[in-house]
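# Fold and geometry: a report
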Amino acid sequence: MEKDLFLRTQYITLGQFLKITGIIDSGGRAKWFLQENKVLVNDEAEDRRGRKLRAGDKVIVPEAGTFIMRSKQQEK
């Protein structure tokens, strides 16, 4: 099941995404998490915590689900 995540800014980083969604409990754990777990951004493996996520991007974290980035304007 896909979940929508509405962005209040132009983009967020993958590390911020992991914290916002509750997948990790602190930003400092992002690097470790990405080294130890498979994360896909737009169906490609990603391990950079600074990867910018923008509206339309799809993030898959196998244990947590699939997330679609949406702009705040798309919320209506």
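Residues numbered from 1 in each chain as written. Predicted model: local features only at pLDDT ≥ 70, side-chain atom pairs only at ≥ 80, totals over all residues. Heavy atoms only, no water.

With that settled, consider the overall build of the protein chain. Counting its regular elements, the protein chain contains two helices and seven strands. The C-alpha atoms of the protein chain give a radius of gyration of 12 Å, which matches the 11 Å a tight globule of 76 residues would have. Projected onto its principal axes, the C-alpha coordinates of the protein chain cover approximately 35 × 25 × 20 Å. Counting the 76 residues in the protein chain, one finds 30% classified as buried. Put simply, 47% of the contacts in the protein chain that link residues at least 6 apart link residues at least 24 apart. Positive and negative side-chain charges in the protein chain, numbering 15 and 11 respectively, have mean positions lying 6 Å apart. (Helix = DSSP H or I, 4+ residues; strand = E, 2+ residues; numbered from the N terminus. Rg over C-alpha atoms; globule rule 2.2 N^0.38 Å. Buried < 20%, exposed > 50% of the residue type's maximum accessible area, 1.4 Å probe, protein only. Contact = heavy atoms within 4.5 Å. Lys, Arg positive; Asp, Glu negative; His and termini not counted. Charge placed at Lys NZ, Arg CZ, Asp CG, Glu CD.)

Before going further, it helps to examine the sheet that holds strand β4 (residues 44-45). Taken together, the five strands give an open sheet; going across it, the order is β1-β7-β6-β3-β4, and neighbouring strands pair in mixed fashion. Each edge of the open sheet is held by one strand with a lone partner, namely β1 (2-7) and β4. (Pairing = 2+ DSSP bridges.)

Both faces of the sheet carry side chains from a regular strand, because those side chains alternate between them. The pairing of β1 with strand β7 (residues 65-71) spans six bridges and is parallel. Bridge pairing links Asp-4 to Ile-68 in β7. Two successive antiparallel strands, strand β6 (residues 58-61) and β7, enclose a turn made up of three residues.

The nonpolar side chains of soluble globular proteins are, as a tendency, buried together. Leu-14, Phe-17, Leu-18, Leu-53, Val-59 and Met-69 are the most contacted members of the largest nonpolar core, which has 17 residues in total. Counting only elements with at least two residues in this core, the list comes to β1, α1 (14-20), α2 (30-36), β6 and β7. (Core = buried A, V, L, I, M, F, W, Y, C linked by side-chain atoms within 4.5 Å.)

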